[in-house]
Each structure stands twice: as C-alpha cells, then as structure tokens.
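If you want the building blocks of each chain, they are given just below.
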2 protein chains.
Amino acid sequence: MTIPDGERLARQFAFLTEADRLKSVLRANLLCDASRQENSGEHSWHLALYAMVLADQAPEGVRIDRVIRMLILHDLVEIDVGDVPIHSANGTAHGSPDICAAEAKAAERIFGLLPGDQASAFRALWDEFEAAETPDAVFAKSLDRLQPVMQNLAGGGGTWTTYGVTWAQLEARVGAKIARGAPRLWDWVKEKARPWFG
Amino acid sequence: MTIPDGERLARQFAFLTEADRLKSVLRANLLCDASRQENSGEHSWHLALYAMVLADQAPEGVRIDRVIRMLILHDLVEIDVGDVPIHSANGTAHGSPDICAAEAKAAERIFGLLPGDQASAFRALWDEFEAAETPDAVFAKSLDRLQPVMQNLAGGGGTWTTYGVTWAQLEARVGAKIARGAPRLWDWVKEKARPWFG
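What counts, and at which threshold
Residues numbered from 1 in each chain as written. Chains lettered and ligands numbered in written order. Predicted model: local features only at pLDDT ≥ 70, side-chain atom pairs only at ≥ 80, totals over all residues. Heavy atoms only, no water. UniProt positions renumbered as here; feature names shortened; annotations may be inferred. Helix = DSSP H or I, 4+ residues; strand = E, 2+ residues; numbered from the N terminus. Contact = heavy atoms within 4.5 Å. Buried area = accessible area lost by both parts, 1.4 Å probe. Salt bridge = Lys/Arg side-chain N within 4 Å of Asp/Glu carboxyl O. Polar contact = N/O pair within 3.5 Å; in protein donor to acceptor, adjacent residues only side chain to side chain. Expected span 1.5 Å × (residues − 1). Buried < 20%, exposed > 50% of the residue type's maximum accessible area, 1.4 Å probe, protein only. Arc of directions from axis to C-beta. Least-squares fit on C-alpha atoms with pLDDT ≥ 70 in both. Core = buried A, V, L, I, M, F, W, Y, C linked by side-chain atoms within 4.5 Å. Pairing = 2+ DSSP bridges. Axes fitted to C-alpha atoms, helices over the stretch in contact; angles between N-to-C directions. Parallel < 35°, antiparallel > 145°, perpendicular 65-115°, else oblique. Left-handed = near helix turned anticlockwise from the far one by under 90°. Nonpolar A, V, L, I, M, F, W, Y, C, P; charged D, E, K, R; others polar.

### Things to note about the UniProt feature "domain: HD" (unreviewed entry) in chain A
Mapped onto the present numbering, the UniProt feature "domain: HD" (unreviewed entry) falls at residues 19–186 of chain A. The annotated region residues 19–186 of chain A carries 61% helix and 5% strand content, and the separation between its end C-alpha atoms amounts to 32 Å.

Below is the structure:
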C-alpha cells in the first residue's frame, strides 16, 4: 500500500520536528572552550565531521557514508531517555539493561513517526550501531568515544574532573573501545591524554 | 610528499577542535519549542537529518551522501564571519559581495588547517555548495532554506516576527530557492506557511 504523498511528507516532517528536541538534551562533557555543556544535536554533527575527516583512519572495508548516517541517528533515543554519561554511577549506568530497554522503546516511538519503510531502515541502522558488531558500527562507536576525550583535553579535564576518573578507568571504559575500531587513533590520543592523569 | 602520520593526525584534530566553535555561532531562528536561538552546529546536524529523511524528494541524479557531506561543512565559515540571517538588513546582507569575500577568506583559513589533500577536497565541496549550480548543491540549498521555515512554523513565527517579513518577501527570499531544488517540498510547506501571513 502506497501512502499518499501528502501523508508521507506529514510523517517525515513530524519526525524532523520531533528530532529538534535532541538539541535540548545536555551531555556531561563541555564545549572545547569549557563555556557550557554540549548538547546531543551538535555532538552528532561534530561526530559526522569526525567521520569525514578521520575516514583515512578507518579499517579497510568501512563505508564512511554509512558511518556518517549512523552517527547522525545514533543519539535520537536520548530525546526520551536523556544522555547517560559513560563515567556516571562509577561507570555502571551506561549500557545497563534498564537503559538499553528504555532506549529500545524510545527507538520504537521516535523512528515510528516516519513512514514505515524509513522507520524500518533507520531503526535497522540504529540497531546495527548499538550492536557494535559490523565494521561500520565499530568504527562509529570508536569516534563516539574519541570525541569527548578531545573535548576534555581542550577544555581542561571536563568530565574526568566531574567524575574523578582514573587513568585505568579511562583505558577500560573509553580507550579499549576507541582501540577496537581505530587503534592508531587511540595510540595517538593516549599520548596526549596520559600526562593529564599525572 | 607524504606527511608523516603523526603530523597528519595533529592537523586533523586541530581542524576538528576549531570546528567546535561552530556550536557557539547563534542563528536568528529559534528551536521548535522557541526556548532559545539555534546554533549553527546543531543546525548543520538537523540539515543532514533532513537530507536523509527527504532523500525521496530529491530530483533524479542527486547523490544524497554528497548532499549530507556538503551540509555538514556548509556553515563552518561562520566561525569567522557569523551567521548572516536571510531576512536581516531587509534581505540585502545575506550573499552580499562583502560577506561572500569574508566567507571565502574564512574557508581558506579553516579548511587550511587540514592536511593539503583534505583541505582541497573540503574546500571544493564548500565552493560547490556556495555556487549552487550542481544538482547536489541546489538540493542542499533547498533544505537549508526549508528547515528555518519549519522551525518558524513550530515556534510561533520566529524570524518572520523578528524581521517583519511579508508573504511576498518569504516567497522571493525563501520559497523560490526551496522550489528550485525541491518543488514538491515548497508546494507542501507553502500551504502550511501561507495562513500564518494572514
């Protein structure tokens, strides 16, 4: 069954207007000038730019345009669930079963605003990102962990200070995930970050 | 001459950190809930999402992944020049020779932070967007004009109120450009926007 064009557009614009709310979801980390917290909308833009620039660091076979699309979508569920900082609750909140269930419900609602074919396609891309098994998703996840490190380095510590993060915690929660998809990037960033932890 | 990997990464991260400043450039239009002005970083993310969702409204031959990349880059020059609202100075400021010259200078500086090959490629994509001659650039420009209309409709008038915009001005400054790259989108949005102007 084909949806009449007007109804298709109405659904597409309902989704795009709902997506605007991601600009009001605040993350734990700050802008590079430490002037304020970053929001998840502008964070998603920055990550897409990271993917464009660091494409030559991606393992062979990674399709950067799919990575960019994943990163544009990856945080939309936060409209319902909020951002769950990596280092909050001593690193136990992010990725917990409760949070994952809430995010899946949010994905159902938010992508469900779109016409059926797009709802399925966007949901599949988000599921792929979350599962972090394909090369595209693994590289996208690496960038998602890398960018806040760079924000913290530029802005004087940021969330490392807020949450009293140790070097061992950074290596476990962040470094290992960057290294999985982009080992050379973690090698480079590690050298810059290590001295900060004394 | 190949740049050693460490220097290449240093340049890439210098660019990515500089790009963070786009999140502090304020636009004239508001978020959909009218809570605050939108910034150019989150605006660029929203436009990339517009391109993903409205891909099926693009004329044949448009390559959406190139459009997405253009939209991710298109406002970076505003780090130096600021946002020049379409309706400011009675519609004469945006696209004036002085502004265009300042933006070209900004593009030189900002893209020039990248390794040479990427500086050229990103600059070429930005030049293509600005020239608005290729199908990809024309469609990208249509989305850039369309999104603020949707923000104004959601948020109770926004920049139309601020600048006392008339229907004839909206058609000339905005509608004609949306219609050029995406005629069906303007047909649909026009119906929603027309009653607002009484």
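And the narrative resumes.
### Points about the interface of chain A and chain B
Contact with chain A, which involves 54 residues of that partner, is made by 54 residues of chain B. With both sides pooled, the region where chain A packs onto chain B buries about 4500 Å², and carbon together with sulfur makes up 66% of that total. In this structure, A:Asp65 engages B:Arg69 in a salt bridge whose closest nitrogen and oxygen atoms are separated by 2.8 Å. Between the two partners, chain A and chain B, sit 26 residue pairs in polar contact (both at pLDDT 80 or more).

### What about helix α5 (residues 97–111) of chain B?
Residues and elements named next belong to chain B. An ideal rise of 1.5 Å per residue puts 21 Å on 15 residues; α5 measures up with 21 Å between its terminal C-alpha atoms. Of the residues making up α5, those classed as buried are Ile99, Glu103, Ala106, Ala107, Ile110 and Phe111. End-on, the buried residues of α5 take up no more than an arc of 105°, which puts them together on one face. Facing away from the buried side of α5, by more than 90 degrees, are the exposed residues Pro97, Asp98, Lys105 and Glu108. Where the residues of α5 are buried, they touch α1 (5–19), α3 (64–73), α4 (78–81) and α6 (116–131).

### Looking at the relation of the copies chain A and chain B
For the match of chain A to chain B, the screw axis carries a shift of 0.0 Å, the RMSD comes to 0.0 Å, and the turn is 180°. On this basis, the relationship between the two copies can be described by a two-fold rotation axis. When the interface residues of chain A are mapped onto chain B, 100% of them again lie at the interface, so the same face is used by both copies.

### Regarding the pattern of salt bridges
Evaluated as defined, the whole model comprises 36 salt bridges over all chains. Notably, a salt bridge pairs B:Glu18 with B:Arg109, separated by 2.8 Å at the nearest N-O pair. Placement of B:Glu18 in helix α1 and of B:Arg109 in helix α5 is noted, with a sequence separation of 91 residues between them. Connected through salt bridges with shared partners, the residues A:Asp20, A:Lys23, B:Arg27, B:Glu38 and B:Asp83 form a single ionic network.

### Re the nonpolar core
Counting 116 residues, the largest nonpolar core has A:Phe13, A:Leu143 and B:Phe13 as the members making the most contacts within it. For A:Leu143, the residues in contact, after removing those within four places along its chain, are A:Leu47, A:Tyr50, A:Ala51, A:Leu54, A:Val67, A:Leu71 and A:Leu185.

### Here we look at the side chain of A:Ser44
Secondary-structure assignment places A:Ser44 in helix α2 (residues 40–53). At 2.7 Å, the side chain of A:Ser44 and the backbone oxygen of A:Ser40 are in polar contact. For A:Ser44, the residues in contact, after removing those within four places along its chain, are A:Leu22, A:Leu71, A:Ile72, A:His74, A:Asp75 and B:Trp45.

### Some remarks on the pairing of strand β1 (residues 26–30) of chain A
Across two bridges, the pairing between β1(A) and strand β2 (residues 37–39) of chain A is antiparallel. From the neighbouring strand, A:Leu26 faces β2(A), where its bridge partner is A:Asn39.

### A few points about helix α2 (residues 40–53) of chain B
For α2(B), which comprises 14 residues, the first-to-last C-alpha distance of 20 Å matches the rise-based estimate of 20 Å (1.5 Å per residue) to within 8%. The backbone nitrogen of B:Gly41 lies 2.9 Å from a side-chain oxygen of the residue at the head of α2(B), namely B:Asn39.

### As for unusual backbone geometry
For A:Asn90, which is not glycine, the phi dihedral falls at a positive 50°. Here A:Asn90 lies in the loop between α4 (78–81) and α5 (97–111). For A:Asn90, a relative accessible area of 57% translates into the label exposed. Within the chain, B:Ala89 stands out as a residue other than glycine whose phi angle is a positive 50°. With respect to the element layout, B:Ala89 can be found in the loop between α4 and α5.

### Looking at the packing of helix α7 (residues 135–154) of chain A against helix α10 (residues 183–193) of chain A
Residues and elements named next belong to chain A. Remark: α7 packs on α10, axes separated minimally by 11 Å, with the N-to-C direction vectors making an angle of 25°. Between α7 and α10, the angle is such that the two are roughly parallel. In this structure, α7 crosses over α10, and the sense of that crossing is left-handed. Residues Leu143, Leu146, Val149, Met150 and Leu153 of α7 lie in contact with α10, whose contacting residues are Leu185, Trp188, Val189, Lys192 and Ala193. Taken together, the residues that form the contact of α7 with α10 break down as nine nonpolar, no polar and one charged.

### Digging into the environment of A:Pro195
All names here are of chain A. Relative to the helices and strands, Pro195 is located in the segment after α10. Under the relative-accessibility criterion, Pro195 is labelled exposed at 59%. Placed 28 residues apart in sequence, Pro195 and Trp167 show a C-alpha to C-alpha distance of 9.6 Å.

### A word on the packing of α3(B) against helix α7 (residues 135–154) of chain B
All names here are of chain B. Running from N to C, α3 and α7 point in directions that differ by 55°, and their axes come no closer than 9 Å. The orientation of α3 relative to α7 falls into the category oblique. For the pair α3 and α7, the sense of crossing is right-handed. In contact with Ile64, Arg66, Val67, Met70 and Leu71 of α3, α7 contributes Asp136, Ala137, Phe139, Ala140 and Leu143.

### Some remarks on the environment of A:Asp83
Residues and elements named next belong to chain A. Considering the arrangement of structural elements, one finds Asp83 in the loop between α4 and α5. For the pair Asp83 and Ser40, spaced 43 residues apart in sequence, the C-alpha separation works out to 7.8 Å. With near-sequence residues (within four places) excluded, Asp83 lies in contact with Val25, Leu26, Arg27, Ala28 and Glu78.

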